[in-house]
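# Chain and residue survey
Given next are the chains, with one letter for each unit.
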Amino acid sequence: MVIGIDAHKRTHTAVGVDQTGRQLSTKTIGTTSKDHLQLLRWATEQSGDRLWAIEDCRHLSRRLERDLIAAGERIVRVPPKLMANVRDGARTYGKSDPIDALAVARAALREPDLPEARLDGVGRAREGASAVVR
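Each chain has its residues counted from 1, following the order in which its sequence is written. This being a predicted model, a pLDDT of at least 70 is required before a residue's local features are given, and a value of 80 or more before pairs of side-chain atoms are given or counted; all residues contribute to the totals for chains, interfaces and linings. Note that water and hydrogens are dropped before the side-chain values are worked out from all heavy atoms of the structure.

Further remarks concern the packing of helix 1 (residues 33-46) against helix 2 (residues 58-70). Orientation of helix 1 relative to helix 2, taken along the N-to-C sense of each, is 55 degrees, at an axis distance of 10 Å. Classified by the angle between their axes, helix 1 and helix 2 sit oblique to one another. Between helix 1 and helix 2 lies a crossing whose hand is right-handed. Mapping the contact onto sequence places S33, H36, L39 and L40 in helix 1 and R63, L64, R66, D67 and L68 in helix 2. For every element, the axis is a line fit to its C-alpha atoms; helices are fit only across the contacting stretch, and the angle between N-to-C directions ranges from 0 to 180 degrees. A run of H or I in DSSP becomes a helix once it reaches four residues, and a run of E becomes a strand once it reaches two; helices and strands are each numbered from the N terminus. In these notes the angle categories are as follows: under 35 degrees is roughly parallel, over 145 is roughly antiparallel, 65 to 115 is roughly perpendicular, and the rest is oblique. In this scheme, a crossing is called left-handed if the near helix is turned counterclockwise away from the far one by less than a right angle; it is called right-handed if the turn is clockwise. In this description, contact between two residues means that some pair of their heavy atoms is separated by no more than 4.5 Å.

What follows is the structure, given as structure tokens:
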């Protein structure tokens, strides 16, 4: 399962897709670490094998990435320009958080060599090497 994330200042929207890009489920949460734990519980109920795909806007997603990496989750960063290409070919037109999260997930399926998220600097040293995404 790939979970696409559309990150914003006050909310994050997640959309889970299967390996063909078919939407399975959606969840919107707040942006605190407590909210991220709730999102992780939701994701664990959806699938044991998952990849998080987060739109590469670290000023909005840094805490989410840190919390997921600390939990041992695998994350890739999706450049915003890749999302636009996926959204253009979608059957559902317009712009909304679920549509954007779906576009992020589908871009991650299409692009196998996206950069993996890693903790930087002090945060990385504090979390330890085991928290770094492999």
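A separate point is the pattern of salt bridges. Just to be clear on terms, a salt bridge is a Lys or Arg side-chain nitrogen sitting within 4 Å of an Asp or Glu carboxyl oxygen. The tally for this structure, following the rule as stated, stands at seven salt bridges. With a closest N to O distance of 2.9 Å, R58 and D56 form a salt bridge. Three exposure classes are used, based on accessible area relative to the maximum for each residue type with a 1.4 Å probe and protein chains only: buried under 20%, partly exposed in between, and exposed over 50%. Assessed through its relative accessible area of 32%, R58 is described here as partly exposed. Across the pair R77 and E65 runs a salt bridge whose closest N-O atoms are separated by 2.6 Å. Here R77, found in strand 5 (residues 75-78), pairs with E65, found in helix 2; they are twelve residues apart in sequence, far enough to count as distant. The class for R77 is buried, based on a relative accessible area of 8%. A relative accessible area of 4% places E65 in the buried class.

Residue placement: R10 occurs in the loop between strand 1 (2-7) and strand 2 (12-17). Residues R10 and T32 lie 22 residues apart in sequence; the distance between their C-alpha atoms is 8.9 Å. The contact partners of R10, leaving out residues within four places of it in the chain, are I29, G30 and T31.

None of this, on its own, says anything about what the molecule does.
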